[in-house]
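Residues per chain, in single letters:
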Amino acid sequence: DSGVTQTPKHLITATGQRVTLRCSPRSGDLSVYWYQQSLDQGLQFLIQYYNGEERAKGNILERFSAQQFPDLHSELNLSSLELGDSALYFCASSVDGAGVMPDTQYFGPGTRLTVL
Amino acid sequence: AQSVAQPEDQVNVAEGNPLTVKCTYSVSGNPYLFWYVQYPNRGLQFLLKYITGDNLVKGSYGFEAEFNKSQTSFHLKKPSALVSDSALYFCAVRFMAAGNKLTFGGGTRVLVKP
């Protein structure tokens, strides 16, 4: 158990809908990262937050957004869902993530999103 | 362009035999290198990382990896594989110029046969 929690474990929804994925980082970790794992794209970095502020952006679609709250938990919002958004979404956290220390990212169990 | 590659989609090995999972990277500068393992229906578990120093890094569950700068490789090894090592293994690189995001290889499925 990495100490990173994600809810829900599974999510089934229809095209065009909007969903919210939630992540709680390990105690003491200030950075949260979101990754998408799909069969065709592999594991891809989406976005990083550090202590409430966006730190880095990857291949995140405009239909997707995220935020990190004062208690450091994070939410990933996916809207206007398409079939191709079906994937496993991972959250990871690390102590720093400010780009100075090469700290380790610890991953949550993921949320499996199925868009029908 | 900076990238990381795992040239083998799958590695098959008999239980008790040595296991090697290959990883190569392409980058200008010094990378930070990581190995993660993913069991079915589970998240990624951290195995080990190379930051600096000794080229041989020891990690969890008896795994180790050797950083080779001249060959730009970071192969994962285990002297004696177990059936329970069967899983999907990912090599990841953090490039200094890319903040703290990890760039993952495509993954290598390891199948250890009894």
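Structure: above.
Keep in mind that this is a model prediction, so the values were computed, not measured.

Cut-offs applied
Residues numbered from 1 in each chain as written. Chains lettered and ligands numbered in written order. Predicted model: local features only at pLDDT ≥ 70, side-chain atom pairs only at ≥ 80, totals over all residues. Heavy atoms only, no water. Salt bridge = Lys/Arg side-chain N within 4 Å of Asp/Glu carboxyl O. Helix = DSSP H or I, 4+ residues; strand = E, 2+ residues; numbered from the N terminus. Buried < 20%, exposed > 50% of the residue type's maximum accessible area, 1.4 Å probe, protein only. Core = buried A, V, L, I, M, F, W, Y, C linked by side-chain atoms within 4.5 Å. Contact = heavy atoms within 4.5 Å.

**Q** Where do I start with the pattern of salt bridges in this structure?
**A** Proximity of charged atoms lets side chains of opposite charge pair with each other. What the rule picks out here adds up to six salt bridges over all chains. Its salt-bridge partner being E82(A), residue R63(A) comes within 3.7 Å of it at the nearest N-O pair. One end of the pair, R63(A), is in the loop between strand 6 (53–57) and strand 7 (64–68); the other, E82(A), is in the loop between strand 8 (74–78) and strand 9 (87–94), with 19 residues separating them in the sequence. Where D85(B) meets K78(B), a salt bridge forms, and the shortest distance between an N and an O atom there is 2.8 Å. K78(B) matches D85(B) in its accessibility class, with the two residues each being buried.

**Q** Can you help me understand the nonpolar core in this one?
**A** Side chains of nonpolar character tend, in soluble globular proteins, to be buried together. Residue and element names in this part refer to chain B. L19, W35, L47, L48, F74, L76 and Y89 are the most contacted members of the largest nonpolar core, which has 27 residues in total. Elements with a contribution of two residues or more to this core: strand 2 (10–14), strand 3 (19–21), strand 5 (31–38), strand 6 (44–50), strand 8 (64–68), strand 9 (73–78), strand 10 (87–95) and strand 12 (108–113). Sorting elements by how many residues they give to this core places strand 10 first, with four residues. When residues no more than four places from it in sequence are discounted, the contact partners of L19 are V11, V13, F63, L76, K77, K78, A81 and V110.

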